[in-house]
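Topology and contacts: notes
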Amino acid sequence: MTRIADSVMKISDAEEAKIQRQIASDPDAPEATDEQLAKAKPFAEALPELAESIRKNLGGRPKSDNPKVAVSIRLDPEVVDAFKAKGEGWQSRINETLRKAVGL
């Protein structure tokens, strides 16, 4: 098992000091003071309307009245390549081909 710390790039103390100086010198992103941190509120508490609108917009496209079922199927590479060669919507075209094959 690889731990996250094992995969993090190690930097020298000099590089770390340089990075910290650059952070401290950025006028657009000053470090928060202890007083500011003490007054901080969770996003949903500070801006409840915006938080609620974001929550409502999660989940991608609208729910379908006839949702598809996720399955795993093994097909010949040539079959998949032929459908993909015709562009986007190749999975829908496979679905339509199967619907016709079973008489739907």
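Use the structure listed above.
None of the values given here were measured: they were computed from a predicted structure.

1. Describing the overall build of the protein chain
What the protein chain contains, in helices and strands, is seven helices and zero strands. Secondary structure elements of the protein chain occur, N-terminal to C-terminal, as α-α-α-α-α-α-α. Its C-alpha atoms give the protein chain a radius of gyration of 26 Å, more than 25% over the compact-globule value 13 Å for 104 residues. Taking all 104 residues of the protein chain together, 4% fall into the buried category. Carbon and sulfur atoms make up 56% of the accessible area of the protein chain, which amounts to about 10200 Å² in all. Averaged over its 17 positive side-chain charges, the protein chain has a centre that lies 10 Å from the centre of its 18 negative ones.

2. Focus: the pattern of salt bridges
One pass over the structure, following the stated rule, counts two salt bridges. Close ionic contact of Glu-52 with Arg-55 constitutes a salt bridge, the shortest N to O distance being 2.8 Å. Here Glu-52 pairs with Arg-55, and both are found in helix 5 (residues 48-56), just three residues apart, close to one helical turn.

Thresholds, definitions, all that
- Residues numbered from 1 in each chain as written.
- Predicted model: local features only at pLDDT ≥ 70, side-chain atom pairs only at ≥ 80, totals over all residues.
- Heavy atoms only, no water.
- Helix = DSSP H or I, 4+ residues; strand = E, 2+ residues; numbered from the N terminus.
- Rg over C-alpha atoms; globule rule 2.2 N^0.38 Å.
- Buried < 20%, exposed > 50% of the residue type's maximum accessible area, 1.4 Å probe, protein only.
- Areas by Shrake-Rupley, 256 points an atom, 1.4 Å probe, with all protein chains shown as cover.
- Lys, Arg positive; Asp, Glu negative; His and termini not counted.
- Charge placed at Lys NZ, Arg CZ, Asp CG, Glu CD.
- Salt bridge = Lys/Arg side-chain N within 4 Å of Asp/Glu carboxyl O.

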